[in-house]
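Descriptive analysis of the structure
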Amino acid sequence: MSGLMGKTLILIGALFVLAGVWLLLGSRLPAWLSWLGRLPGDIAVEHDNFRFYLPITTSIILSIVFTLLLWLLGRR
(Lines give C-alpha, C1' and ligand atoms only; values in the text may rest on other atoms or scores of the structure.)
Protein backbone atom coordinates (compact mmCIF):
# COMPACT_ATOMS: atom_id res chain seq x y z
CA MET A 1 0.00 0.00 0.00
CA SER A 2 2.78 2.47 0.82
CA GLY A 3 4.39 1.87 -2.60
CA LEU A 4 1.26 3.12 -4.32
CA MET A 5 1.10 6.11 -1.98
CA GLY A 6 4.70 7.01 -2.81
CA LYS A 7 4.09 6.78 -6.55
CA THR A 8 0.96 8.89 -6.21
CA LEU A 9 2.84 11.60 -4.29
CA ILE A 10 5.61 11.63 -6.89
CA LEU A 11 3.01 11.95 -9.66
CA ILE A 12 1.27 14.81 -7.87
CA GLY A 13 4.63 16.54 -7.32
CA ALA A 14 5.50 16.18 -10.99
CA LEU A 15 2.14 17.67 -11.94
CA PHE A 16 2.80 20.64 -9.64
CA VAL A 17 6.20 21.15 -11.28
CA LEU A 18 4.59 21.08 -14.74
CA ALA A 19 1.95 23.57 -13.61
CA GLY A 20 4.69 25.86 -12.28
CA VAL A 21 6.62 25.69 -15.55
CA TRP A 22 3.38 26.42 -17.38
CA LEU A 23 2.81 29.53 -15.23
CA LEU A 24 6.37 30.78 -15.66
CA LEU A 25 6.56 30.18 -19.40
CA GLY A 26 2.89 30.72 -20.23
CA SER A 27 3.43 33.47 -22.79
CA ARG A 28 6.16 31.50 -24.58
CA LEU A 29 4.27 28.22 -24.95
CA PRO A 30 2.82 27.19 -28.33
CA ALA A 31 -0.63 28.49 -29.23
CA TRP A 32 -2.26 25.07 -28.97
CA LEU A 33 -1.42 25.01 -25.23
CA SER A 34 -2.75 28.49 -24.45
CA TRP A 35 -6.46 27.53 -24.49
CA LEU A 36 -6.44 26.13 -20.96
CA GLY A 37 -5.99 29.44 -19.18
CA ARG A 38 -8.44 31.37 -21.34
CA LEU A 39 -11.67 29.39 -21.10
CA PRO A 40 -15.15 30.92 -20.92
CA GLY A 41 -15.94 31.31 -17.24
CA ASP A 42 -12.42 32.38 -16.27
CA ILE A 43 -12.57 35.87 -14.77
CA ALA A 44 -9.97 38.43 -15.87
CA VAL A 45 -9.98 42.08 -14.74
CA GLU A 46 -7.32 44.45 -16.04
CA HIS A 47 -6.85 48.13 -15.20
CA ASP A 48 -3.94 50.51 -15.61
CA ASN A 49 -1.58 48.97 -13.04
CA PHE A 50 -3.78 46.20 -11.66
CA ARG A 51 -4.44 42.72 -13.02
CA PHE A 52 -6.70 40.10 -11.42
CA TYR A 53 -7.27 36.63 -12.84
CA LEU A 54 -9.53 33.92 -11.38
CA PRO A 55 -9.50 30.72 -13.51
CA ILE A 56 -12.77 29.15 -12.31
CA THR A 57 -13.49 26.99 -15.37
CA THR A 58 -9.86 25.96 -15.74
CA SER A 59 -9.78 24.92 -12.08
CA ILE A 60 -12.92 22.83 -12.45
CA ILE A 61 -11.58 21.04 -15.55
CA LEU A 62 -8.20 20.35 -13.92
CA SER A 63 -9.96 19.08 -10.81
CA ILE A 64 -12.02 16.64 -12.88
CA VAL A 65 -8.94 15.44 -14.78
CA PHE A 66 -6.89 14.93 -11.59
CA THR A 67 -9.82 13.20 -9.87
CA LEU A 68 -10.21 10.77 -12.76
CA LEU A 69 -6.46 10.16 -12.87
CA LEU A 70 -6.24 9.42 -9.16
CA TRP A 71 -9.38 7.28 -9.35
CA LEU A 72 -7.81 5.21 -12.14
CA LEU A 73 -4.57 4.85 -10.19
CA GLY A 74 -6.52 3.74 -7.11
CA ARG A 75 -8.34 0.96 -8.98
CA ARG A 76 -5.17 -1.08 -9.49
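Residues numbered from 1 in each chain as written. Predicted model: local features only at pLDDT ≥ 70, side-chain atom pairs only at ≥ 80, totals over all residues. Heavy atoms only, no water.

Points about the overall build of the protein
Definition in use: Numbered from the N terminus, helices here are DSSP runs of H or I no shorter than four residues, and strands are runs of E no shorter than two. When accessible area is computed with a 1.4 Å probe and restricted to protein chains, residues below 20% of their type maximum are described as buried, those above 50% as exposed, and intermediate ones as partly exposed. What makes two residues a contact is simply this: any of their non-hydrogen atoms within 4.5 Å. For accessible areas, the Shrake-Rupley method is used with a probe of radius 1.4 Å. Any residue's cover is judged against the shown protein chains and nothing else.
Of the regular secondary structure elements, the protein holds two helices and two strands. Order of helices (α) and strands (β) in the protein, N terminus to C terminus: α-β-β-α. Taken across its 76 residues, the protein has 7% of its residues classed as buried. When contacts within the protein are restricted to residue pairs at least 6 apart in sequence, long-range pairs at least 24 apart make up 22% of them. As displayed, the protein has an accessible area near 6,600 Å², and 72% of this comes from carbon and sulfur atoms.

So, the pairing of strand β2 (residues 50-54)
Stated formally: At least two DSSP bridges between two strands are required for those strands to pair.
Of the pairings in the sheet, the one linking strand β1 (residues 43-47) to β2 comprises five bridges and is antiparallel in character. Among the inter-strand pairings, Ala44 is bridged to a residue of β2, identified as Tyr53. A loop of two residues connects β1 with β2, the two strands running antiparallel in sequence.

A look at the environment of Leu54
Secondary-structure assignment places Leu54 in strand β2. With relative accessibility at 37%, the residue Leu54 sits in the partly exposed group. Along the backbone, Leu54 and Gly41 are 13 residues apart, and their C-alpha atoms lie at a distance of 9.1 Å. Setting aside residues no more than four positions away along its own chain, Leu54 makes contact with Asp42 and Ile43.

A word on the confidence of the model for the protein
Condition: As a per-residue quantity, pLDDT reports the predictor's confidence and falls between 0 and 100.
Taken over all residues, the pLDDT of the protein has a mean of 79, while the share at 70 or more is 79%. When mean pLDDT is taken per element in the protein, β1 scores highest with 87 and helix α1 (residues 2-24) scores lowest with 80.

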